[in-house]
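Summary of the model geometry
This is what each chain is made of:
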Amino acid sequence: MDKIKSLPGASRLIRHLKCHGVPMALASNSSRANIESKIAHHKGWKECFSVIIGRDEVAKGKPAPDIFLEAAKRLNKDPADCLVIEDSVPGVMAGKAAGTKVIAVPSVPKQTHLYTSADEVINSLLDIRPEEWGLPPFQDWIENTLPIDPWHIGGPVIKGFGRGSKVLGIPTANLSAKDYASELVEHPSGVYFGWAGLPTRGVYKMVMSIGWNPFFDNKEKTIEPWLLHDFTEDFYGEELRLIIVGYIRPEANFTSLESLVAKIHEDREVAERALDLPSYAKFKGDPYLTK
Ligand code: ADP
Ligand code: MG
């Protein structure tokens, strides 16, 4: 139970702040012992925190402010100068009650409305902009894209909602959700890009969204890859292999279909340019795409 995977962007954030000498506290409603055993599985994390506090070390847990007040005290900081990053509603309340600034990264998707007392609600840790909080900016974005640990999914192309090309002029080759169920849970919704292989045809640039498509209010989370190539025919049933190498932006809602389509074309241009950069281009030759 203790080997919980870290959230995308967590390690990057912790290391970035540590690197720039920003003091950090880990303040959780779990017991101190529990926290210790959980972070033991993440190499180098423990050393990044100057303070670690569990529920058992203060009078009242979140939503009471005690944990964050104690954390600030041990950091020797005024709570007003602290930034809390929280995934739970009680945690956001605790941070605000302690007088800190609070970024909410809701652990339950589509529940943004419950987190309105936070100073900012973001979709995932990939979307943190430290400079907005007086902290050193990340320097790993390249040409409006964020390199991520590449991940692979593949399977036969199935029928989707039948509205990609019809409504938008943007066909998306759908895989069966069961072929990537665990990846769906693991990866935040948003716009990503990478390489797509159709073993009998070739390897193509690809931009894709992961999410519920707020514009269409889908009930299920899906992956929607658009291959950046003009095909003369459909390829339902063929094996499709994807390597996802970078992140562009969180999912957004749009007030009109025109603005949604315009944004998708902007994403396409960002992906097309980025995939020519050596750090992304090198994955084009990965045998996973063609075997
Ligand atoms: P569906 O809802 O069935 O996925 P779409 O309107 O999204 O229908 O069209 C996707 C289908 O179109 C793919 O499964 C594929 O067979 C075909 N297709 C043609 N060109 C492309 C492309 N450039 N990218 C993705 N799919 C394409
Ligand atoms: Mg589709």
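The notes below deal with the structure included here.

Thresholds applied
Residues numbered from 1 in each chain as written. Chains lettered and ligands numbered in written order. Predicted model: local features only at pLDDT ≥ 70, side-chain atom pairs only at ≥ 80, totals over all residues. Heavy atoms only, no water. Pairing = 2+ DSSP bridges. Helix = DSSP H or I, 4+ residues; strand = E, 2+ residues; numbered from the N terminus. Contact = heavy atoms within 4.5 Å. Axes fitted to C-alpha atoms, helices over the stretch in contact; angles between N-to-C directions. Donors = N, O, S within 2.8 Å, 3.2 Å for Na, K, Ca; no water. Buried < 20%, exposed > 50% of the residue type's maximum accessible area, 1.4 Å probe, protein only. Phe/Tyr/Trp six-rings, centres within 6.5 Å; stacked < 30°, edge-to-face > 60°. Lys NZ or Arg CZ within 6 Å of the ring centre and 35° of its normal.

**Things to note about the sheet that holds strand 9 (residues 202–211)**
What the six strands build is an open sheet, ordered 7-6-11-8-9-10; its pairing is antiparallel. The open sheet terminates on both sides in strands that have one partner only, identified here as strand 7 (174–175) and strand 10 (222–227). Sheet analysis places strand 8 (residues 190–198) next to strand 9, joined by nine bridges and oriented antiparallel. Note that in strand 9 the partner of A196 across the bridge is Y204.

**Let's talk about the sheet that holds strand 4 (residues 101–104)**
One open sheet accounts for three strands, arranged 3-4-5; its pairing is parallel. Where the open sheet ends on each side, the last strands, each with one partner, are strand 3 (83–86) and strand 5 (120–121). Sheet analysis places strand 3 next to strand 4, joined by four bridges and oriented parallel. Looking at the pairing, L83 lines up with K101 of strand 4. Seen against the sheet, helix 5 (residues 89–98) touches strand 3 and strand 4 and runs at an angle of roughly 165° to strand 4.

**Looking at the coordination of the magnesium ion (ligand 2)**
Every protein donor of the magnesium ion (ligand 2) is accounted for by T172 (O), T172 (OG1) and N174 (OD1), and the metal-donor separations fall at 2.2 to 2.4 Å. Relative accessible area serves as the criterion here: at 23%, T172 is assigned to the partly exposed category.

**With respect to the packing of aromatic side chains**
Here the distance between the centres and the angle between the planes together describe a pair of aromatic rings. Tallied over the full model, the rule gives six aromatic pairs. A centroid spacing of 4.9 Å and a plane angle of 80° characterise the contact between F193 and Y280, whose relative ring orientation is edge-to-face. Highlighted residues: F193 in strand 8 and Y280 in helix 9 (residues 278–281), separated in sequence by 87 residues. You can call Y280 buried: its relative accessible area is 1%. Put simply, the rings of W141, W151, Y192 and Y247 pair up and form one aromatic cluster. A cation over a ring is seen here: R12 above F138, with NZ or CZ 3.6 Å from the ring centre.

None of the figures reported here should be taken as evidence of function without further support.
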